[in-house]
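# Structural overview for review
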Amino acid sequence: MIDILLVDDETYVTESLELTIPWGELGVTTVLRAASGKEALEIMEENAVDIIVTDIRMPGMTGLDLISEVNRRWPHVRCILLTGHSDFDYAKKAIQLQAADYILKPVNDDEFMNSVSAAITSLRDEWDEFDKYHRLLYSRKSDYKILRENLMHDLLLGREISSKALREQLEQYELYIEPEQPAAMMLIRLAGRFASMDQQSIDLMDFAVGNIAEEVLGETYHVWFSRGPHDCLVMFLQNREQAEESLLVNSPLRNVAETFREHVVRYLQGDLSIVVTPPFPFKELTNVYRKSLGSLVLTGPEEHKIIYMDMENTLNKRPENDAAQALEELYKPPLLPQLLETKQWETAAAKLNAVFDAAEQVCLSREYVYEMYLSVTNAFMYIAHKQGHLVHEIDHAGFDLLLAHQLIQSPEKLRRWAMDMLAKLQEELSDQEGAQSRRHVIKQVQELVTRDTGQDLSVKMIADKVYLHPVYLSKIYKAETGEGLGDYMIRMRMERALYLLKNTNKKIYEITSELGYQNPQYFSKMFKKHYGLTPNEFRDQT
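Notes on the structure follow. Within any chain, residue numbers begin from 1 and follow the written order of that chain's sequence. Selection of residues for local features in this predicted model requires a pLDDT of at least 70, selection of side-chain atom pairs for listing and counting requires 80 or more, and totals for whole chains, interfaces and linings are taken over all residues. Side-chain numbers here rest on the full set of heavy atoms in the structure, without hydrogens or water.

### A short note on the overall build of the protein chain
Helix and strand definitions here come from DSSP, where helices need a minimum of 4 consecutive H or I residues and strands a minimum of 2 consecutive E residues; each element is numbered from the N-terminal end. Scanning the protein chain for helices and strands turns up 25 helices and 10 strands. Only protein chains enter the calculation, and the probe is 1.4 Å; a residue is then buried if its accessible area is under 20% of its type maximum, exposed if over 50%, and partly exposed in between. Looking at the 542 residues of the protein chain, the share that counts as buried comes to 48%. Within the protein chain, contacts between residues at least 6 apart in sequence are counted, and of these 69% link residues at least 24 apart. Surface accessibility follows the Shrake-Rupley procedure with a 1.4 Å probe radius. Residue values consider only the protein chains on display as shielding. With the model as given, the accessible surface of the protein chain reaches about 27,000 Å², and the carbon-plus-sulfur share is 48%. We call two residues in contact when some of their heavy atoms are within 4.5 Å.

Printed below as a string of structure tokens:
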């Protein structure tokens, strides 16, 4: 889809070229003509011209003046000079103006077509590079979101990462959190009208809340915002200025938390429950998260308020002797995540039973039962994510903060759920190659693709979202469906394009944008490859 403009004050020249050159074979869809430089500029202001072929000697504005102005205003346009003058000075000036070519009159058709073809090839190469760059840029941003969320989950669930390795990952993901400096944390639960929304709407609200957080807090703090592993939003805050006197302090945190909540209420018409921690050493992250999450869960779903944690007393607080003995078994090596990772299911079951047997011997407070719940669920979530499963789909109820209240009423209720969940994990993870697991992954992939046909998804992005290696995901998708994953993604996008072309009056460039493509030429090429017609040709037939 190339538009070309022919400019010559001798109109018979442009008329002859328009009639004799097989433009369609060159890929040119529109041929425009002008008799002067001024007329050419007027045409270019109204039309998306890709190539201009102009005579040099014209009254008023010369061809050299014209391409100089075109270079200034439309630097992407390819310019070809056409003249009867073979003077070297013209050729030299054309080179200085970066003209695509210089052709002498009388025009040789083959030479002219070769020149135009070269300009078209140059344009398409540039479009491909432009499209590739923006697809990579979009992919990079999407990948960063997934990678940042995965890293946050690992840290919150207790994965041990050295300061050096953590700093390198933070730098790679363009997160400006310094592991050696104090940080504060906010745990956020969407409340009010948010509670009745479907998952797609919740995802949009997560994005909007994160944007508000960046806007309200971003000038003072480095902000790392993501959805946490326990169905709440998590935000890390660290001062942009690391001077000793400017470290995080409680009073400003109170102010910004209240301002942040006010903005969400005002602009999103929902509400939030927020737990705000004071500054803490980053190495205490997992412990602080567990304590803070306890405060959020133990807050009723109808309570919309901000809770300010006293972490110094909380972190230093030791459980009573009886409670300590009941919990001691939970923290003895081998730890539960290690047993699950090595698939020692019987040993893991024995460990859980020993923990709950000890808990039955004492009267544990709700706080300590909740600590048991968090430790067990963290282990379950960690191993499920590592094996490429979405733990919420294995057992949603036990990982919902609102429903978790039922599980922490007593150690016995928690025991029954934990043993049932362990059995489900064993069944799911022991047959990683099984048909049920593969069908589950295929369903997830197809839901992602059909939901996001307007996004420039890649196989890697989808693989990250279902926690599988891209090569392995492509292999099982092809084995299960007989169609390559990349082919399926293109087919879904083309079917959506077909529907929009047939059932709407949207322009081609609007459909191009809606489907996530960066330029109409690339979209047209893909559509024709798939259906044998360009989008315009298809629309003309319907």
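### Here's the deal with the pairing of strand S6 (residues 184–191)
In terms of burial, S6 is a largely internal element, 8 of the 8 residues being buried. Of the two faces of S6, the one carrying Ala-184, Met-186, Ile-188 and Leu-190 and the one carrying Met-185, Leu-187, Arg-189 and Ala-191 are both buried. Sheet topology places S6 next to strand S8 (residues 233–239); 5 bridges connect them, and they run antiparallel. Paired with Leu-187 across the strands is Val-234, a residue of S8. Strand pairing is assigned whenever DSSP identifies at least 2 bridges connecting the two strands. Judged from the 6 bridges that link them, S6 and strand S9 (residues 271–276) form a sheet pairing that is antiparallel. When the bridges of S9 are listed, Met-186 appears paired with Val-276.

### Side note on the packing of helix H14 (residues 345–360) against helix H18 (residues 411–429)
Contact geometry for H14 and H18: axes closest at 10 Å, N-to-C directions at 175°. Relative to H18, H14 is oriented roughly antiparallel. Across the interface between the two elements, Trp-345, Ala-348, Ala-349, Leu-352, Asn-353, Phe-356, Asp-357, Ala-359 and Glu-360 of H14 pack against Pro-411, Glu-412, Leu-414, Arg-415, Ala-418, Met-419, Leu-422, Leu-425, Gln-426 and Leu-429 of H18. Looking at side-chain class alone, the contact of H14 with H18 contains 13 nonpolar, 2 polar and 4 charged residues. Here the axes come from fitting lines to C-alpha atoms, over the contacting stretch only for helices, and the angles between their N-to-C directions go from 0 to 180 degrees. Here the word oblique covers every angle except those under 35 degrees (roughly parallel), over 145 (roughly antiparallel) and from 65 to 115 (roughly perpendicular). Side-chain classes follow a simple rule in which Ala, Val, Leu, Ile, Met, Phe, Trp, Tyr, Cys and Pro form the nonpolar group, Asp, Glu, Lys and Arg form the charged group, and the remainder, Gly included, forms the polar group.

### Things to note about the side chain of Thr-534
Note that Thr-534 resides in the loop between helix H24 (520–531) and helix H25 (535–541). Look past the residues within four positions of Thr-534 in its chain and what remains in contact with it is Ser-524, Phe-527 and Lys-528.

### A short note on the environment of Lys-507
By secondary structure assignment, the location of Lys-507 is in the loop between helix H22 (485–503) and helix H23 (508–514). As a C-alpha pair, Lys-507 and Asn-536 span 29 residues in sequence and 9.7 Å in three-dimensional space.

### Let's talk about the packing of H22 against H24
For the pair H22 and H24, the least separation of the axes is 11 Å and the interaxial angle reads 100°. Between H22 and H24, the angle falls in the class roughly perpendicular. On the side of H22, the interface is formed by Ile-490, Arg-491, Met-494, Glu-495, Ala-497, Leu-498 and Leu-501, while H24 contributes Phe-523, Met-526, Phe-527, His-530 and Tyr-531. In terms of residue class, the contact of H22 with H24 is made up of 9 nonpolar, 1 polar and 2 charged.

### As for the sheet that holds S9
Strand order across the open sheet formed by 5 strands is S7-S8-S6-S9-S10, with mixed pairing between neighbours. Strands at the two margins of the open sheet, each flanked by one partner only, are strand S7 (221–227) and strand S10 (306–308). Direction aside, neighbouring strands of the sheet carry axes that sit 15° apart on average. Along the sheet face, helix H8 (residues 199–217) touches S6, S7 and S8 and points at about 170° away from the line of S7.

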